[in-house]
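A look at the structure
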Amino acid sequence: SQQGEEDPQALSIQEGENATMNCSYKTSINNLQWYRQNSGRGLVHLILIRSNEREKHSGRLRVTLDTSKKSSSLLITASRAADTASYFCATDEWYSSASKIIFGSGTRLSIRP
Amino acid sequence: DAGITQSPRHKVTETGTPVTLRCHQTENHRYMYWYRQDPGHGLRLIHYSYGVKDTDKGEVSDGYSVSRSKTEDFLLTLESATSSQTSVYFCAISDLAGEPTEAFFGQGTRLTVV
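Right, let's walk through the structure included here. Given the structure is predicted, the values throughout are model-derived calculations rather than measurements. (Residues numbered from 1 in each chain as written. Chains lettered and ligands numbered in written order. Predicted model: local features only at pLDDT ≥ 70, side-chain atom pairs only at ≥ 80, totals over all residues. Heavy atoms only, no water.)

**Brief notes about the pairing of strand 5 (residues 43-50) of chain A**
Residue and element names in this part refer to chain A. Taken across its 8 residues, strand 5 has 6 buried, putting it largely inside the fold. Across 7 bridges, the pairing between strand 4 (residues 31-37) and strand 5 is antiparallel. Its bridge partner being in strand 5, Gln37 is matched across the sheet by Leu43. Here strand 4 hands over to strand 5 after 5 residues, with Gly40 in that stretch at a positive phi of 75 degrees. (Buried < 20%, exposed > 50% of the residue type's maximum accessible area, 1.4 Å probe, protein only. Helix = DSSP H or I, 4+ residues; strand = E, 2+ residues; numbered from the N terminus. Pairing = 2+ DSSP bridges.)

Pasting the structure below:
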């Protein structure tokens, strides 16, 4: 099963509103990342937060991390039509000296004009 | 954009035939990954590599094998393609040299098994 699970699976909001997506994961992590995917394209990295950080900002993005609850949230403020995309959280799993990146199932965000 | 190229971009193949997808990078990144993406499942890790000849299984490795004989190339082989392997396949690279870094993705390969 996948490490990360996003909630909600789909979200539709009015342009200008804020969008919040949540991610829960199962095992201990070193970092958590958020990615965006426009329809039919590869994923694009948005932001990375380390396990010892609680909050991080990048432009209109705000990410929080609660390692005690094994959860993270991505907030997009003042949404725009161009924000319409799928958003995925991803966590790292380390085994000995190697790591793999595991993705959640994603949240489909639609911005209504 | 990171130098990562997948080939082919589209392929239609028949059930039971072997298929090889290629991922080529020009970034000299240590880590390379193969994912498949299906509706409702997000991205699922098939196999990954953490160096030349160093590979390991992911979540959905059955029916797939990989090889990495050079830093820049990571091949994904479907030994005997089945309809359940119809999917979009993404390659990604990352350089986790002691510090967590972002993954860069290829444009994907759409594989249809008929």
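**Brief notes about the state of the cysteines**
Scanning the model with the defined rule gives 2 disulfides over all chains in all. Paired through a disulfide, A:Cys23 and A:Cys89 show a sulfur-sulfur distance of 2.0 Å. Measuring the twist about the S-S bond at about 65 degrees, one finds the A:Cys23-A:Cys89 disulfide to be right-handed. A residue pair is termed long-range when its members are at least 10 positions apart, and A:Cys23 in strand 3 (residues 19-24) and A:Cys89 in strand 9 (residues 85-95) qualify at 66 residues. Looking at A:Cys89, the relative accessible area reads 1%, which means it is buried. Disulfide partner of B:Cys23: B:Cys91, at an S-S distance of 1.9 Å. The sign of the -75 degrees torsion about the S-S bond sets the B:Cys23-B:Cys91 disulfide as left-handed. (Disulfide = S-S within 2.5 Å.)

**Structural notes on the side chain of A:Glu6**
All names here are of chain A. Residue placement: Glu6 occurs in strand 1 (residues 5-7). At 10 Å, Arg108 is the nearest oppositely charged side chain to Glu6, a buried residue that forms no salt bridge. Among the polar contacts made by the side chain of Glu6, one reaches the main-chain amide nitrogen of Ser105 at a distance of 2.9 Å. Polar contacts involving the side chain of Glu6 include one to the main-chain amide nitrogen of Gly106, which spans 2.9 Å. Setting aside residues up to four positions removed in sequence, Glu6 forms contacts with Asn22, Cys23, Trp34, Tyr87, Phe88, Cys89, Gly104, Ser105, Gly106 and Thr107. (Lys, Arg positive; Asp, Glu negative; His and termini not counted. Salt bridge = Lys/Arg side-chain N within 4 Å of Asp/Glu carboxyl O. Polar contact = N/O pair within 3.5 Å; in protein donor to acceptor, adjacent residues only side chain to side chain. Contact = heavy atoms within 4.5 Å.)

**Let's talk about the environment of A:Leu74**
Residues and elements named next belong to chain A. Tracing the sequence through the fold places Leu74 in strand 8 (residues 71-76). For the pair Leu74 and Met21, spaced 53 residues apart in the sequence, the C-alpha separation amounts to 5.2 Å. If we ignore the near neighbours within four places in the chain, the residues touching Leu74 are Ala19, Thr20, Met21, Trp34, Leu46, Leu61, Arg62, Val63 and Tyr87.

**A few points about the interface of chain A and chain B**
If you look at the interface, chain A gives 25 residues, while chain B gives 26 residues. When chain A packs against chain B, the two sides together hide about 2000 Å² of surface, and 54% of this comes from carbon and sulfur. Joining chain A to chain B, the criterion identifies 0 salt bridges. For the pair chain A and chain B, the number of links is 3 residue pairs in polar contact (both at pLDDT 80 or more). Elements represented by at least two residues in the side of chain A that touches chain B include exactly strand 4, strand 5, strand 9 and strand 10 (98-103) of chain A. Per element, the largest residue contribution to the side of chain A that touches chain B is 6 residues, and it comes from strand 10 of chain A. Tallied by class, the residues present in the side of chain A that touches chain B amount to 10 nonpolar, 12 polar and 3 charged. (Buried area = accessible area lost by both parts, 1.4 Å probe. Nonpolar A, V, L, I, M, F, W, Y, C, P; charged D, E, K, R; others polar.)

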